[in-house]
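Structural overview for review
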Amino acid sequence: VQLVESGGGLVQAGDSLRLSCTASGRTFSMSTMGWFRQAPGKEREFVAAITWNGGNTYYGDSVKGRFTISRDNAKNTVYLQMNSLKSEDTAVYYCAGDPRGLYALPVYNYWGQGTQVTVSS
């Protein structure tokens, strides 16, 4: 399974951005998918996760109410809609698939290469 993120960029505080992660492989539709982020000098942080059918979603405390995760299994794609962006959201955002344990931990079997999101204040 390969994961490819897109949609990152430079935006201003208060703006919105939508990240996409497209997966190859037939197991995508059966996998919980997650988004993590990592800022320079910091540990990788859980952002959001979604179960295989989209029935359950989970968010990190710092993004609750601002970010929304969704998926389209027909397109093998998971999305992260980010609204009301803040400078502290600046990080490399990674898509991940098929967790080996708790969805909020960076213990997924598959990872994308990451996409940079920079929010200027």
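Rules and cut-offs
Residues numbered from 1 in each chain as written. Predicted model: local features only at pLDDT ≥ 70, side-chain atom pairs only at ≥ 80, totals over all residues. Heavy atoms only, no water. Helix = DSSP H or I, 4+ residues; strand = E, 2+ residues; numbered from the N terminus. Buried < 20%, exposed > 50% of the residue type's maximum accessible area, 1.4 Å probe, protein only. Salt bridge = Lys/Arg side-chain N within 4 Å of Asp/Glu carboxyl O. Pairing = 2+ DSSP bridges. Axes fitted to C-alpha atoms, helices over the stretch in contact; angles between N-to-C directions.

Right, let's get into unusual backbone geometry. When glycine is set aside, most residues are seen to have a negative phi, and most peptide bonds are trans. A positive phi is found at N76, a non-glycine position, where the angle reads about 55°. Position of N76 relative to the elements: it lies in the loop between β7 (67-72) and β8 (77-82). We classify N76 as partly exposed; its relative accessible area is 22%. The backbone of S84 sits at a positive phi, close to 50°, despite the residue not being glycine. Tracing the backbone through its elements, the reader meets S84 in the loop between β8 and β9 (91-99).

Looking now at the pattern of salt bridges. For the coordinates displayed, the defined rule picks out four salt bridges. Residues D61 and K64 are paired through a salt bridge, measuring 3.2 Å at the closest nitrogen-oxygen approach. For D89, the salt bridge identified is with R66, shortest N-O distance 2.8 Å. Here the residue D89 occupies a position in the loop between β8 and β9, and R66 occupies one in the loop between β6 (57-59) and β7, the gap between them amounting to 23 residues. Summarising the burial analysis for this pair, D89 and R66 share the class buried. Overlapping salt bridges bring together R37, E45, R66 and D89 as one network.

Two elements, strand β4 (residues 33-38) and β9, share six bridges in a ladder whose sense is antiparallel. Residue pairing across strands places G34 opposite A96, the latter belonging to β9. Bridge analysis of β9 against strand β11 (residues 115-120) gives three bridges, and the strand direction is antiparallel. Each bridged residue has a counterpart across the sheet, and for Y93 the counterpart in β11 is T115.

The next subject is the sheet that holds β8. Taken together, the four strands give an open sheet; going across it, the order is β1-β3-β8-β7, and neighbouring strands pair in antiparallel fashion. Of all the strands in the sheet, just β1 (3-6) and β7 have a single pairing partner and so form its edges. Across the sheet, the mean angle separating the axes of adjacent strands is 15° when strand polarity is ignored. Strand direction decides the pairing type here: strand β3 (residues 17-23) and β8, joined by six bridges, are antiparallel. Along β8, the bridge assignment pairs L17 with M82.

Taken by themselves, the reported measurements are silent on function.
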